[in-house]
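# Results of the structural survey
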Number of protein chains: 2
Amino acid sequence: MNGLARFLPVLDWGRRYKSETLTNDLVAAAIVTIMLIPQSLAYAMLAGLPPEIGLYASILPIIAYALFGTSRTLAVGPVAVISLMTLTAASDIAPPGSPQFIAAALVLALLSGLMLVLMGVLRLGFLANLLSHPVVSGFITASGLIIATSQLKSILGIRASGEAMPELLRTLWQNVGATSLPTVMIGVAATAFLYWVRKGLKPLLMRMGLAARPADLIAKAGPIAAVAVSTLAVIALDLEAQGVKVVGAIPQSLPPLTVPLFDADLWQRLAVPALLLSIIGFVESVSVAQTLAAKKRQRIRPDQELIGLGAANIAASLSGGYPVTGGFARSVVNFDAGAETPAAGAFTAVGILLAALFLTPLLASLPIATLAATIIVAVLSLVDFKTPVHVFRYSKPDFAAMMATILVTLLAGVEPGVIAGVGLSLALFLWRASRPHAAIVGRVPETEHFRNVKRHKVFTDPRILTIRIDESLTYLNARWLEDYVLEAVAEQPRLRHLILMCSAVNAIDASALESIEAINHRLADAGVKLHLSEVKGPVMDALEHSALPSDLTGQIFLSQNTAFTTAMTLADAEDAAQGQSDLWLARGMI
Amino acid sequence: MNGLARFLPVLDWGRRYKSETLTNDLVAAAIVTIMLIPQSLAYAMLAGLPPEIGLYASILPIIAYALFGTSRTLAVGPVAVISLMTLTAASDIAPPGSPQFIAAALVLALLSGLMLVLMGVLRLGFLANLLSHPVVSGFITASGLIIATSQLKSILGIRASGEAMPELLRTLWQNVGATSLPTVMIGVAATAFLYWVRKGLKPLLMRMGLAARPADLIAKAGPIAAVAVSTLAVIALDLEAQGVKVVGAIPQSLPPLTVPLFDADLWQRLAVPALLLSIIGFVESVSVAQTLAAKKRQRIRPDQELIGLGAANIAASLSGGYPVTGGFARSVVNFDAGAETPAAGAFTAVGILLAALFLTPLLASLPIATLAATIIVAVLSLVDFKTPVHVFRYSKPDFAAMMATILVTLLAGVEPGVIAGVGLSLALFLWRASRPHAAIVGRVPETEHFRNVKRHKVFTDPRILTIRIDESLTYLNARWLEDYVLEAVAEQPRLRHLILMCSAVNAIDASALESIEAINHRLADAGVKLHLSEVKGPVMDALEHSALPSDLTGQIFLSQNTAFTTAMTLADAEDAAQGQSDLWLARGMI
């Protein structure tokens, strides 16, 4: 791949584009378009924005990603969690739906786009690592629960608000008396239908003789059926007069050209939410892209993905959209429908564009309860109660970080939730890194192997102590190393040789080097020699650039067995010399 | 050690106190007292506080540490770097020397004390690990340079201010015209004398036949001689009338009982500075305490040290002092003078108390230039240009973190310096942890050893790939693992068996486990089996609690050699089966 194609992957796949690929991409695009129309409207509504903004966010961003992204099949657009985060962040600026709110959503998209591009250019994709899998999983589960709960208001036809569970439940409870019966009937029917489409339609179609893939794709078109039927019901039965809220007039237009506000104060207030939203969006998108790429032994490049997603968000901010990312559901549909290149995305964009131009009048009588049903059924698949159980069984600290993320997200909202999750993961990691595993080892009789004295019957010598360090030595555990070694030495009064066995030490940083130097000096004060054994090649290479090899009171051995044997010989010789001087002393005293 | 003695170490050593120990402790206390008097006055002045506050900070805090601390010989009191940090933090509240400034210093001591005790109780001593050795070294060097520069004003007898170099140098340059000649003469003479006492007096005394230890202790009394001589010179020559600034009247009193202000706003503004100051003080103090304890094969307990230092700072806040910590110079003197228990500290406190009551009138004519000289000579020993050279040779990332700390501290001040150092160390650590070393390995011919294909001539099989991971697998490198493995797989189209060789993997957290599961599924989609080899005991124990052993498309092998041999056999069998079906296909077509 040449230099430019690295930054503009379209040059790579575009050059080799064939007519056969075109057919596959066009079919996939048609299917995804049908699925995207109701989803885009619904997610815009979830974000507190007018429905057409969901359509706008599904046009130019897809094309921008097609130019810059590295995944062949990722479908970019509005997604549930990012919509919720947009709602949360923009609500701090103005009430949902207001012009200031819409302007804040544009600024969020721009900021998020600029941050993603910057992170991509600086190759900072590794920052997304700060979100551990359990934290992301917990965050998405909790967000799914909040989203589903927030949509209950549209199913019931009442008002409710809040960014976290307590406020949502309180406002729902307060207004539950105002429930609109026809709305509930549409909402419950749509939810039940969509749930059945999701779970029961595909098996049914397959029992009726359809192959798995077309059955799956037909089932994916369920939402459009729900939209059509419920819209017709509203018109036929004049349910609007009976209090069923509908989407209303949607402007019939191309995406508008928008220029996000350049307001320093607004940018500052939205900077942290934009960063959180960018990282969550990136993590979600990259995992989807990686899963799909691996199925075809393709690869994505995470740093270039940052640029692709950044370009998509900048495009969203310039065309009346709001923050977008690679969505799981739509990408899987795109993949399953046979998309082969990002051109499928571009064709989808054209499809949505046509919808925005010509289909919107048909959507005026679409009940909001149907969109809420779409969202609820979609996000409930995000809620995952199995992973916490697995994580609990496997690792208690990871489980603690996950539960903290879930609880903080539910109780305080998405932003505190992400921050708590990242903070806790990092704190736990640093805590564990600061007290690694180490063992005092002895020689297994009749062998050259050394094992933990607490687990095996091994040979030791009171004049010699071998400590095996089971971790790289860094500044995080340098102090621990000093404590551990000096405590072990303090417990063994006859000690004269200490061996640090470094078979599992993959690196020693400058702080740890200094600690080893300090241990060396302190042990020298106490009359104990320090030896190292089984130092790995790269670690030894680095140590050659330090004063340690010459400062060391003892030696550096390739093998632990040689180290131990040599130390025994040295100790015997010292004992003999000591015995000699004791003898001289005794003779002198006679 | 019983439960209570763990938290009140005095119960342990106090019970076994003997009259011989008493003599040693009393001698040490007398020597330290003489050294501490000028130092305490000087550091209080450096912190922008009236000189007597330095004495007060050397009385009750020492006794509090003697009760709660675990070091036998650490001497607690005002130190240079903490005094500078106090000046910086309290200057944000009020001008130095004002009653509000003094009140802020008391609050800083209280907050720092409470934070240290809390960290000790919660066993959060590991947080001090966030400061890597190069960062601490760089910070102390830069602080030393700032302190020395700031004292030039007192040597020149002019005004200057600023918390960082640019402002300090600018104000010094602006006022250099107002230099007071007699002040410069005293200042330069005192600096030269103290420097000579430090470097030249001990060798001289030893050449005159004195033993090393008494020579060293006499040299340590140099500052008190400088104080006496310059005070007498001021009185005899009436230099005060010629513009030499003197300490002036110091109240003759016991330390006052003070109650720090309970002002929420003030506490909030001082919280971050207090935290930084606490951590820097703790790191400095613990390294001194560990160095001294190791010389006698004693131990200190870092979490209990937090409580000891916290108690000392709370005591400082209640007795008219300011933040304190364990100082290097005074602790070494205490140790060398033969102190055996914290009782020496308590006797020192009595000595300073007597000084505060009876000696202060003698200090009224002490020139401030002499105190500045004491500070300059003391802090120049903190400035260390050798460590950067060593760190540069050993590790470029550590050097980068160190230089950033030095530059930010010099240019922007101590607080940004500490924050930049911690942030950079952490970012570099996370960056390195997120892309660990791994190697594709092959079998060394005629052996069972596997080595890096890039470094050795080894045997490989295009159907089998072995990746050796040289690091524990955690959430920080889980995504890297997926990228690395999938890229390696994408490059080897005939691949059918992938072996992850885990000989250097000391832990696998829940995120990395999920990534291995994901790799397993993705490879299955691509028709590649995943095997693990050389999994360590504790890692295997943890994996037993997960679904991985049963989900794995391949097997878990104890030895890499068995894994490789088995994979070859499997691949041969698959090839044979494939050949068979190709044959059938060919026959069918005939």
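Being a predicted model, the structure only gives us computed values, none of them experimental. (Residues numbered from 1 in each chain as written. Chains lettered and ligands numbered in written order. Predicted model: local features only at pLDDT ≥ 70, side-chain atom pairs only at ≥ 80, totals over all residues. Heavy atoms only, no water.)

### Some words on the overall build of chain A
Counting secondary structure elements, chain A contains 25 helices and 8 strands. For chain A, the C-alpha radius of gyration of 32 Å lies well beyond 25 Å, the compact-globule estimate for 590 residues. In terms of overall dimensions, chain A has C-alpha extents of about 125 × 60 × 60 Å along its principal axes. When each of the 590 residues of chain A is scored for burial, the buried share is 57%. For chain A, the accessible surface area stands at approximately 24,300 Å², while carbon and sulfur atoms represent 66% of it. Mean positive and mean negative side-chain charge positions of chain A (42 and 41 charges, respectively) differ by 9 Å. (Helix = DSSP H or I, 4+ residues; strand = E, 2+ residues; numbered from the N terminus. Rg over C-alpha atoms; globule rule 2.2 N^0.38 Å. Buried < 20%, exposed > 50% of the residue type's maximum accessible area, 1.4 Å probe, protein only. Areas by Shrake-Rupley, 256 points an atom, 1.4 Å probe, with all protein chains shown as cover. Lys, Arg positive; Asp, Glu negative; His and termini not counted. Charge placed at Lys NZ, Arg CZ, Asp CG, Glu CD.)

### A look at the interface of chain B and chain A
The partner chain A presents 67 residues to the 67 residues of chain B that form the contact. For the chain B and chain A pair, buried surface summed over both sides reaches about 6,100 Å², with 53% attributable to carbon and sulfur atoms. There are 0 salt bridges connecting chain B and chain A. If you look at where chain B meets chain A, you find 14 residue pairs in polar contact (both at pLDDT 80 or more). In terms of residue count, helix α21 (residues 475–490) of chain B provides more of the side of chain B that touches chain A than any other element does, 10 residues in total. Here the side of chain B that touches chain A is composed, by residue class, of 32 nonpolar, 16 polar and 19 charged. (Contact = heavy atoms within 4.5 Å. Buried area = accessible area lost by both parts, 1.4 Å probe. Salt bridge = Lys/Arg side-chain N within 4 Å of Asp/Glu carboxyl O. Polar contact = N/O pair within 3.5 Å; in protein donor to acceptor, adjacent residues only side chain to side chain. Nonpolar A, V, L, I, M, F, W, Y, C, P; charged D, E, K, R; others polar.)

### Digging into the relation of the copies chain B and chain A
With an axial shift of 0.0 Å and an RMSD of 0.1 Å, the rotation relating chain B to chain A amounts to 180 degrees. The transformation just described matches what one would write down for a two-fold rotation axis. Taking the C-alpha atom as reference, chain B places B:Ala504 closest to the rotation axis, 2.9 Å from it. When you check the interface residues of chain B against chain A, 100% turn up at the interface there too, and the contact is symmetric in its surfaces. (Least-squares fit on C-alpha atoms with pLDDT ≥ 70 in both.)

### Quick notes on the packing of helix α7 (residues 99–121) of chain B against helix α14 (residues 302–318) of chain B
Residues and elements named next belong to chain B. Packing of α7 against α14 brings their axes to within 7 Å, and their N-to-C directions diverge by 160 degrees. On the basis of the axis angle, α7 is roughly antiparallel to α14. As α7 runs across α14, the sense of the crossing is left-handed. On α14, the residues that touch Leu106, Ala109, Leu110, Ser112, Gly113, Leu114, Leu116, Val117, Met119, Gly120 and Val121 of α7 are Asp303, Leu306, Ile307, Leu309, Gly310, Ala311, Asn313, Ile314, Ala316 and Ser317. In the contact of α7 with α14, the residues fall into 14 nonpolar, 6 polar and 1 charged. (Axes fitted to C-alpha atoms, helices over the stretch in contact; angles between N-to-C directions. Parallel < 35°, antiparallel > 145°, perpendicular 65-115°, else oblique. Left-handed = near helix turned anticlockwise from the far one by under 90°.)

### Some remarks on the sheet that holds strand β4 (residues 450–452) of chain B
Residue and element names in this part refer to chain B. What the 6 strands build is an open sheet, ordered β4-β3-β5-β6-β7-β8; its pairing is mixed. The open sheet has two edge strands with one neighbour each: β4 and β8 (556–557). By the bridge criterion, 5 bridges tie strand β6 (residues 497–501) to strand β7 (residues 529–533) in an arrangement that is parallel. When the sheet's bridge partners are listed, Leu500 is paired in β7 with Leu532. (Pairing = 2+ DSSP bridges.)

### Brief notes about the side chain of B:Asn313
Turning to its location among the elements, B:Asn313 is positioned in helix α14. Residues in contact with B:Asn313, not counting those within four places in the same chain, are B:Ala109, B:Leu110, B:Ser112, B:Gly113, B:Leu116, B:Pro323 and B:Val324.

### Points about the packing of aromatic side chains
Scanning all chains against the criterion turns up 15 aromatic pairs over all chains. Ring plane angle 40 degrees and centroid distance 6.3 Å describe the contact between A:Phe193 and A:Trp196, whose orientation is recorded as tilted. With A:Phe193 and A:Trp196 both in helix α10 (residues 181–207) and 3 residues apart, this pair spans about one turn of that helix. Take A:Trp196: its relative accessible area is 39%, and that puts it in the partly exposed class. Relative to B:Phe429, the ring of A:Phe429 has its centre 6.0 Å away and its plane inclined at 50 degrees; by these criteria the two rings are tilted. Of this pair, A:Phe429 sits in helix α20 (residues 414–434) while B:Phe429 sits in helix α20 (residues 414–434), placing the two residues on different chains. One exposure class covers both A:Phe429 and B:Phe429, and it is buried. Among the aromatic residues, those joined into a cluster by ring pairs are A:Phe429, A:Tyr475, B:Phe429 and B:Tyr475. It is A:Lys396 that lies over the ring of A:Phe392; its NZ or CZ is 4.5 Å from the centre. (Phe/Tyr/Trp six-rings, centres within 6.5 Å; stacked < 30°, edge-to-face > 60°. Lys NZ or Arg CZ within 6 Å of the ring centre and 35° of its normal.)

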